[in-house]
Amino acid sequence: MIALYFLLLFVVLFLVITNLPVFGRLPKGLRLERIHQLSNYRDGALQNQSITPMQPEGVSLLKVLKAFLFDKHPNKIPQKSLKHIQPDLNSKPATAAPEIIWFGHSSYLVKIDGLRILVDPVFSQVPSPFSFIGSKAFAGTDFVKAEDFKDLDVILITHDHYDHLDYQSIITLAPQTANFITSIGVGSHLERWGISPNKIKELCWNETTSLLNGITFTAVPARHFTGRKFKRNQTLWSAFVLEYKNWKLFLGGDSGYDNHFKEIGTRFGSFDIALLECGQYNAYWHHIHMFPEETVQAAIDLNAKVLMPVHWGKFSLAMHPWDDSIRRVVDSAHEKQMRIVTPQLGETVILNTEMPTFKWWLDQ
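Residues numbered from 1 in each chain as written. Predicted model: local features only at pLDDT ≥ 70, side-chain atom pairs only at ≥ 80, totals over all residues. Heavy atoms only, no water.

How should the side chain of T182 be read in this particular structure?
Along the chain, the position of T182 falls in strand β7 (residues 177-183). Discounting residues that sit within four places of it in the chain, T182 has contacts with I157, G187, K201, E202, L203 and F240. (Helix = DSSP H or I, 4+ residues; strand = E, 2+ residues; numbered from the N terminus. Contact = heavy atoms within 4.5 Å.)

I'm lost on the sheet that holds β7 in this one. Help?
Backbone hydrogen bonds hold the strands of a sheet together, and the pairing may be parallel or antiparallel. Ordered by their spatial adjacency, 7 strands build an open sheet running β8-β7-β6-β5-β4-β3-β15, and the pairing between neighbours is mixed. Taken across any chain shown, the strands that pair with only one partner, and hence form the sheet edges, are β8 (200-203) and β15 (348-350). Adjacent strand axes in the sheet meet at a mean angle of 20° when their direction is disregarded. In this structure, strand β3 (residues 99-102) lies alongside β15, joined through 3 bridges in antiparallel fashion. Within β15, the residue paired with E99 across the bridge is I350. (Pairing = 2+ DSSP bridges. Axes fitted to C-alpha atoms, helices over the stretch in contact; angles between N-to-C directions.)

Looking at this structure, I do not really get unusual backbone geometry. What am I missing?
Backbone geometry follows two general trends: most residues other than glycine have a negative phi, and most peptide bonds adopt the trans configuration. The phi angle at Q280 is positive, at roughly 70°, despite the residue not being glycine. Relative to the helices and strands, Q280 resides in the loop between β13 (273-277) and α7 (292-301). We classify Q280 as buried; its relative accessible area is 4%. In this structure, N303 is a non-glycine residue whose phi angle is positive, near 60°. If you trace the backbone, N303 turns up in the loop between α7 and β14 (307-310). With relative accessibility at 33%, the residue N303 sits in the partly exposed group. (Buried < 20%, exposed > 50% of the residue type's maximum accessible area, 1.4 Å probe, protein only.)

Set out below in C-alpha cells:
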C-alpha cells in the first residue's frame, strides 16, 4: 500500500512538473493537421531530408551520456570573464547596409533599413527548463538582458530547443515585439505562453512570408531535430533566408552537414553573409551538429561571400574546449579562402564596411 502511495505521488508530481509552461505545448488542431500533411511527416514525426540517426551506428545512448558526463576537457570553460563591447540595441541602422550584433551562442540582432530582427534570443543563465540543471553561461556573457530591447519588429526562432527558444526571454520580450516568425509547430509553445496568434507566422520548409516594407523570410531545410520534453520531432527545425532589396542573409540555426546547403546555394544564387553554427559538436552526434571544417564547407556550398560563425562563446554543451570551434573554423576558412568575420561579443558587424577579424579569444 505504501509503495502504491509513493508511485501515485510520483506520477502526480511528474504530471505537474511536465505541464509547467516552460515545456511549451505540442501542436494540436489545425496546426497539427497542417504538420501531418507535410511531405516530410512520416511514422508519427517530422523527418530530415536524409536519414539522420541521433548517434552513429553501434553507439548507444548510454555511451553518449557517459562520455558527456565524464569525458570532460579541462578547458571547457574560459579561465577569465569574456570581454565584450556594450552595443546600441535600440537605434536604427547607421547605414543602408545590414548590421549584426552577436550576443554569444546563437542569439544575435539584425538591423536592416529601420527594422530590428532578434534571432533565437536566449538571455537566461542556463539553456534548460530549470535554472539548477545544465551548463551555466560563461562569465561576462550577461552584458545584455531581455528587458534591454524595446520595440522589436521581429523575433525569429529557428527551432524549439532550450538553447534557441528560452521561455523567460520570450515572456519578457513579447510585449516589445510586433511579429514572431518561426518553424511550423513552434507557435504552439508561443501561444501557450500567452502570445497572440495574430503575431505569429509559422513556416514550413520553402515557404515565404513578407513584412509590409518588402523584407521576406523563407524557411529552408536544416538537418537537426526538435523537442522540449520526451516526444521528438513534433515541431519543425529550419534555417531562414532573409531577403531585402539587394541583400541576402542566411540565418542558419542548427544543422548537421548535408547536401541541403548546396541545394539552397543553387536556389538562391549567393548570400552576402551566412551565419552558421560552429560549436557543440562531437563524433557521437555528428549528423545533427557540424564540425568547424564542415561549417566552412557549408558556407562555400551556400555561395556565401562571408561566413560568421555562431553557436559558441556562451555555453558549453559538448566536450570540446570552449574556443576549439572558433580556432578550427578560422584555420579552415583561411585554408579554403573563405572570408570570415569574428566579432567580439556585442560588437557591430556592418556588411562590407565593419568586418572585424580580430582573434579576441586568444586573450581570454
